[in-house]
Amino acid sequence: MKKIIYVLGIVILVILATIFYMNTSSINEEREVIIDINKLAEDIKNQKMFDDTLEIIEKDIAITNYNFNNETIQDLVSYVSTGATAEEILVIEAKDKNSIKAIEEKITERIKERKEAFASYLPNEVYKLENPVLIIKDKYIILCICNNSQNMSEYIEKYLKTV
């Protein structure tokens, strides 16, 4: 009887270990995230966190504004303000995850340049550039320069959890 209980205990332990292994390995598997960048950019624009009216610009203009390498960008959507504010939205799908660092560096350079420019002619807008929302999710980069970066960051993070 003791031998049967011992064998049964070992079988149960093996089964539990297998179940545990299967659950943790599936958690660690990366699933590809797919984001509709047009929808996300429009949803961000429709939030009540902007002083200015934002208008969509052509992809080529955004690539030029940021001095991006066309080889690293799969697609992007960009909304910019009228120039009366520093507000802007940029949602990028990189060609691959390896391109993310180079794209992020170009975004950081552009923000720095804009801070310097706004400091001289619209200094009240500089705080927006000092607190940009910059979120990276897999091969996507989301930049938002707005009034309330904390609330916008929370909104985008919540949005990304649904995809």
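The rules we used
- Residues numbered from 1 in each chain as written.
- Predicted model: local features only at pLDDT ≥ 70, side-chain atom pairs only at ≥ 80, totals over all residues.
- Heavy atoms only, no water.
- Helix = DSSP H or I, 4+ residues; strand = E, 2+ residues; numbered from the N terminus.
- Polar contact = N/O pair within 3.5 Å; in protein donor to acceptor, adjacent residues only side chain to side chain.
- Contact = heavy atoms within 4.5 Å.
- Phe/Tyr/Trp six-rings, centres within 6.5 Å; stacked < 30°, edge-to-face > 60°.
- Buried < 20%, exposed > 50% of the residue type's maximum accessible area, 1.4 Å probe, protein only.
- Lys NZ or Arg CZ within 6 Å of the ring centre and 35° of its normal.
- Pairing = 2+ DSSP bridges.
- Axes fitted to C-alpha atoms, helices over the stretch in contact; angles between N-to-C directions.
- Disulfide = S-S within 2.5 Å.
- Salt bridge = Lys/Arg side-chain N within 4 Å of Asp/Glu carboxyl O.

Draft legend 1. Quick peek at the side chain of S81. In this structure, S81 sits in the loop between β2 (73-80) and β3 (88-94). Within the structure, the side chain of S81 is placed 2.7 Å from the backbone oxygen of T85, a separation counted as a polar contact. Those residues in contact with S81 that sit more than four places away from it in its chain are D52, T53, L54, A86 and E87.

Draft legend 2. Structural context of the packing of aromatic side chains. Inspection of the entire model under this criterion finds three aromatic pairs. On the basis of an interplanar angle of 25° and a centroid distance of 5.1 Å, the ring pair of F118 and Y121 is categorised as stacked. With a gap of three residues between them, F118 and Y121 both fall in helix α4 (residues 100-121), about one helical turn apart. On the numbers, 6.4 Å between centres and 45° between planes, the contact of Y155 with Y159 is tilted. Linking Y155 with Y159, this pair stays in helix α6 (residues 149-161), spanning four residues, or about one helical turn. You can call Y155 partly exposed: its relative accessible area is 23%. The aromatic ring of Y66 is capped on one face by R110, whose charged end is 4.9 Å from the ring centroid.

Draft legend 3. Structural view of the sheet that holds β2. The antiparallel open sheet is built from five strands, whose spatial order is β1-β2-β3-β5-β4. The two strands at the open ends of the sheet, each matched to only one other strand, are β1 (55-57) and β4 (133-137). Pairwise comparison of adjacent strand axes, ignoring direction, gives a mean angle of 15° for this sheet. Relative to β2, β1 runs antiparallel, the two sharing three bridges. Bridging across to β2, I57 finds its partner in S78. Strands β1, β2, β3 and β5 (140-145) of the sheet are contacted by helix α3 (residues 59-66), whose axis makes an angle of about 90° with β2.

Draft legend 4. Structural context of the environment of I103. Note that I103 resides in helix α4. We classify I103 as buried; its relative accessible area is 1%. Between the C-alpha atoms of I103 and I92, which are 11 residues apart in sequence, the distance is 9.0 Å.

Draft legend 5. Inspection of the pairing of β3 at higher detail. Most of β3 sits inside the fold, with seven of its seven residues counted as buried. By the bridge criterion, seven bridges tie β2 to β3 in an arrangement that is antiparallel. Its bridge partner being in β3, L76 is matched across the sheet by I92. Relative to β5, β3 runs antiparallel, the two sharing six bridges. Counterpart to V91 in the pairing with β5 is I142.

Draft legend 6. Structural view of the state of the cysteines. By the definition in use, this model includes zero disulfides. This cysteine, C144, is not joined by any disulfide, and C146 carries the nearest cysteine sulfur, 3.9 Å off. Here C146 falls in the buried class, since its relative accessible area comes to 2%.

Draft legend 7. Region of the structure containing the pattern of salt bridges. One pass over the structure, following the stated rule, counts nine salt bridges. A salt bridge links E87 to K128, with the nearest nitrogen and oxygen atoms 2.9 Å apart. Taken as a pair, E87 in the loop between β2 and β3 and K128 in helix α5 (residues 126-130) lie far apart in primary sequence, 41 residues in all. Take E87 and K128: they sit in the same class, and that class is buried. Here the salt bridges do not stand alone but share partners, grouping D51, E87, E125 and K128 into one network.

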